[in-house]
Amino acid sequence: MVYVLLVIGLILLVKGADWFVNGSSAIARFFHIPSFIIGLTIIAFGTSAPEAAVSITAALKGQNDIALGNVIGSNMFNLLAVTGVCAIIKPISVKTSILVKEVPFSILSTIVLLFMGADIFLDGQTANMLSRSEGWVLLLLFCVFVFMLVMSALSARKSGGEQIVAQSMDKILSEEKRRPLWQSALIVIIGLAGVIGGGQLVVHAAREIALSFGISESFVGLTVVAIGTSLPEFVTGIVAAAKGESDMAVGNVVGSNIFNILFVLAASAAIRPIQFDINVFIDLGILVGVSLLIYLFAIMRKEINRVEGGILTILYVGYMTFLVLRT
């Protein structure tokens, strides 16, 4: 029964996030909010709603191993599996602006998280902990990131770049523009309820599965929960890659990873401090290494080709194997 609850929870998370994004986008368009602002906020971060629901729910219940494992596992899945599969489908071109701003910011966020948790090594404390105050610092960095996005979009708008962004966003929002406001609001409410309810079911089921097999909650968070909550990014990335919207695929992955660390994990820590064990530092170190590898792939030719996509996909299979052997 617990596996049935896990599947139901993941379905509610993914479908609820989809409805929440669609309804919110329609409401934003009803009030004439520019397409590029919708893309940078609602759609970019809406795909991370499942991670937010699971991690914050886990933090409220004192199960921060699931919260931490979910964020690290989701980011690893996004970088290796989502990027890898998208590149295999069609080589991903990467704009210089993303390489200069968003990707380095994502790598920096991971490094900052690693150092924040290293209390024993850096401060001589008795435990490695991401404290409430550090969670608030990460949330402040998230606000800085959103401010950077908006300012960059406004700059592009002045130089005529908004038309290109608007055309891409109009493809996504074409159905929502014709929906009545009350219907959009109802879809938002149902979607939000699905995300919250799904998060509750997934956390409960993940804990029960971990207990029944005698494995750690962090392992379940890194694997089953992380992959399940990353399905929106996976589907969005594949659809974008198939349609030749590679910039959207890359932006979705990078934006989601930043959101996961600077908002999802930060909010979880602000609710309840998160303790790091030695495996967390290993996983974060691997995450930094993977991020640098993808950055190297992208910066050489301003794209990630099929061969490099295959390498990333194989690396993810290797990482999963490593987790199983470690457990």
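For the structure itself, consult the block above.
Heads up: these notes are all about the structure in this document.

Turning our eyes to something else, we now look at the environment of Y3. Structurally, Y3 is set in helix α1 (residues 2–30). With a relative accessible area of 44%, Y3 lands in the partly exposed category. As a C-alpha pair, Y3 and A205 span 202 residues in sequence and 6.9 Å in three-dimensional space. Excluding residues that lie within four positions of it along the chain, Y3 makes contacts with I209 and F213.

We now examine the pattern of salt bridges. The final tally for this structure, using the stated rule, is 3 salt bridges. For the salt bridge of R207 with E217, the shortest nitrogen-to-oxygen distance reads 3.6 Å. With R207 in helix α9 (residues 181–213) and E217 in helix α10 (residues 217–229), the pair connects residues that are 10 residues apart, well separated along the chain. Judged by relative accessible area, which is 17%, E217 ranks as buried.

It is worth spelling out a nonpolar patch on the surface at this point. A contiguous nonpolar patch, built from I111, F115, I120, F121, L122, I278, I282 and F322 and spanning about 730 Å² of accessible area, is present on the exposed surface. At 3 residues, the largest contribution of residues to the nonpolar patch is made by helix α6 (residues 119–123). Relative to the helices and strands, I111 resides in helix α5 (residues 96–117). With relative accessibility at 30%, the residue I111 sits in the partly exposed group.

What follows covers α9. Helix length check: α9 (33 residues) gives 48 Å between terminal C-alpha atoms against 48 Å at 1.5 Å per residue, within 8%. Positive phi shows up at G214, right after α9, with a value of about 70 degrees.

The biggest cluster of nonpolar side chains holds 58 residues, and the ones touching the most others in it are L113, L130, F276 and I304. The set of elements that each furnish at least two residues to this core consists of α4 (64–89), α5, α7 (132–158), α10, α12 (246–271), β3 (274–276), α13 (278–301) and α14 (306–326). Not counting the four nearest positions on each side in its chain, L130 is found in contact with L113, M116, L138, L265, A269, P273, I274 and F276. If you look at the next biggest cluster of nonpolar residues, it comprises 19 residues, including A17, V54, A58 and A206.

The end-to-end C-alpha distance of helix α3 (residues 49–60) is 16 Å, a good match for the 16 Å that 12 residues give at a rise of 1.5 Å each. Of all 12 residues making up α3, 10 are buried, and the element is well covered by its neighbours. Buried within α3 we find A49, P50, E51, A52, A53, V54, S55, T57, A58 and A59.

Time to look at the packing of α4 against α10. Where α4 meets α10, the closest approach of the two axes is 7 Å, and the angle between their N-to-C directions is 50 degrees. With respect to α10, the axis of α4 lies oblique. For the pair α4 and α10, the crossing hand works out as right-handed. Contacts from D65, I66, G69, N70, I72, G73, S74 and F77 of α4 reach α10 at E217, S218, G221, L222, V225, A226, I227 and T229. Counted by class, the contact of α4 with α10 contains 7 nonpolar, 7 polar and 2 charged residues.

Okay, the side chain of Q63 next. Looking at the element boundaries, Q63 is found in the loop between α3 and α4. Other than its neighbours up to four places away in sequence, Q63 contacts A58, V203, R207 and E217.

Turning our attention to the packing of aromatic side chains. The full count for this structure, using the stated rule, is 9 aromatic pairs. With 5.6 Å between their ring centres and 70 degrees between their planes, F142 and F259 make a pair best called edge-to-face. In this pair, F142 is assigned in helix α7 and F259 in helix α12, connecting sequence segments 117 residues apart. According to the relative accessible area criterion, F259 is buried, its value standing at 8%. With centroids separated by 6.4 Å and ring planes inclined at 35 degrees, the aromatic side chains of Y319 and F322 adopt a geometry described as tilted. With Y319 and F322 both in helix α14, this residue pair falls 3 residues apart, about one helical turn. With relative accessibility at 4%, the residue Y319 sits in the buried group. Three or more aromatic residues joined by ring pairs make a cluster, and in this case those are F77, F234 and Y316.

Cut-offs used in this document
Residues numbered from 1 in each chain as written. Predicted model: local features only at pLDDT ≥ 70, side-chain atom pairs only at ≥ 80, totals over all residues. Heavy atoms only, no water. Helix = DSSP H or I, 4+ residues; strand = E, 2+ residues; numbered from the N terminus. Buried < 20%, exposed > 50% of the residue type's maximum accessible area, 1.4 Å probe, protein only. Contact = heavy atoms within 4.5 Å. Salt bridge = Lys/Arg side-chain N within 4 Å of Asp/Glu carboxyl O. Patch = residues over 30% accessible without salt bridge, like charges linked within 9 Å, V, L, I, M, F, W, Y side chains within 5 Å. Areas by Shrake-Rupley, 256 points an atom, 1.4 Å probe, with all protein chains shown as cover. Expected span 1.5 Å × (residues − 1). Core = buried A, V, L, I, M, F, W, Y, C linked by side-chain atoms within 4.5 Å. Axes fitted to C-alpha atoms, helices over the stretch in contact; angles between N-to-C directions. Parallel < 35°, antiparallel > 145°, perpendicular 65-115°, else oblique. Left-handed = near helix turned anticlockwise from the far one by under 90°. Nonpolar A, V, L, I, M, F, W, Y, C, P; charged D, E, K, R; others polar. Phe/Tyr/Trp six-rings, centres within 6.5 Å; stacked < 30°, edge-to-face > 60°.

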